[in-house]
Every structure is written in structure tokens, then in C-alpha cells.
Amino acid sequence: MKILLMLVVMATGLCIAQAPEYQSYYYQQCAGTAIDVGYYGAPCVADWNGDGEKDMVLGIFTGGNIRFYENENTNDSPVFNSYTTLKADGTTIVLPSG
Ligand SMILES: [Ca+2]
């Protein structure tokens, strides 16, 4: 019985599986300009400030800083107009590289 159920689930999965659809890439912008941090930017999207909209936290290899971009629009159409450099105890966070 378990084998039959597993075969049905597998067959159903095969029938509804579709090829993924990809969108072309784009440069995320801040205040209308493409965000460019040089090499090895490390973005992370999360609701950092708890307002329900996903923000962007961006680690930067050069300089080792971390930027916070607050989303000023919706999750479907995020808008970033500025950023702040994250600090801990009043001191800018600098992560060593290498
Ligand atoms: Ca947010």
C-alpha cells in the first residue's frame, strides 16, 4: 500500500512538474542609481526593521562594512533611496576579509 501511494505521489509530481521560468537580471538601485560595491557584495533580504517590508542588508568586501537599505515601498516592488552603515555600540562594524 505504501509503495502504491509513493508511486502515485511520484507520478503526480512528474505530471505537474514544469520547467522553471527565469527572469533576466537587473541591477538593484538606490536613489535611481545602480548599487555598485565593487567585488563580492553579499546581499541578504529580510525585514530588518520589522515593518513588514523586506529590506536589504549588504555586506561589502572592500572595507568590510555592512549597509542597511530600508525598503520604502512594497515587497513586490522594493524601493531603496538611501542606506546606513551598520554600527555596534556606536562604532561602524568592520569585518576583516581574507
Ligand atoms: Ca522592513
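Given the structure is predicted, the values throughout are model-derived calculations rather than measurements.

Quick notes on the rules
Residues numbered from 1 in each chain as written. Predicted model: local features only at pLDDT ≥ 70, side-chain atom pairs only at ≥ 80, totals over all residues. Pairing = 2+ DSSP bridges. Helix = DSSP H or I, 4+ residues; strand = E, 2+ residues; numbered from the N terminus. Buried ≥ 20, exposed ≤ 12 C-beta atoms within 10 Å, placed from the backbone. Contact = placed C-beta atoms within 7 Å.

1. Observations concerning the pairing of strand E5 (residues 66-69)
Right, on to step 1. In this sheet, E5 lies alongside strand E4 (residues 55-59) in antiparallel orientation, the contact comprising four bridges. Within E5, the residue paired with Leu58 across the bridge is Arg67.
Right, on to step 2. Where E4 folds back on E5, the antiparallel hairpin that results is connected by six residues, among which Gly63 adopts a positive phi of roughly 95°.
Right, on to step 3. Both E5 and strand E6 (residues 84-85) contribute to a ladder of two bridges, which runs antiparallel. Counterpart to Phe68 in the pairing with E6 is Thr84.

2. Side note on unusual backbone geometry
Right, on to step 1. Despite not being glycine, Ala31 has its phi angle at roughly 55°, a positive value.
Right, on to step 2. For Ala31, the position within the fold is in the loop between strand E1 (29-30) and strand E2 (33-34).
Right, on to step 3. A positive phi is found at Tyr40, a non-glycine position, where the angle reads about 60°.
Right, on to step 4. Tracing the sequence through the fold places Tyr40 in the loop between E2 and strand E3 (42-46).

3. Examining the environment of Ile66
Right, on to step 1. One can find Ile66 in strand E5.
Right, on to step 2. For Ile66, a count of 21 C-beta atoms within 10 Å puts it in the buried group.
Right, on to step 3. Between the alpha carbons of Ile66 and Lys87 there is a distance of 8.5 Å; along the sequence they are 21 residues apart.
Right, on to step 4. Those residues in contact with Ile66, other than ones at most four positions away along the chain, are Val57, Gly59, Leu86 and Ile93.

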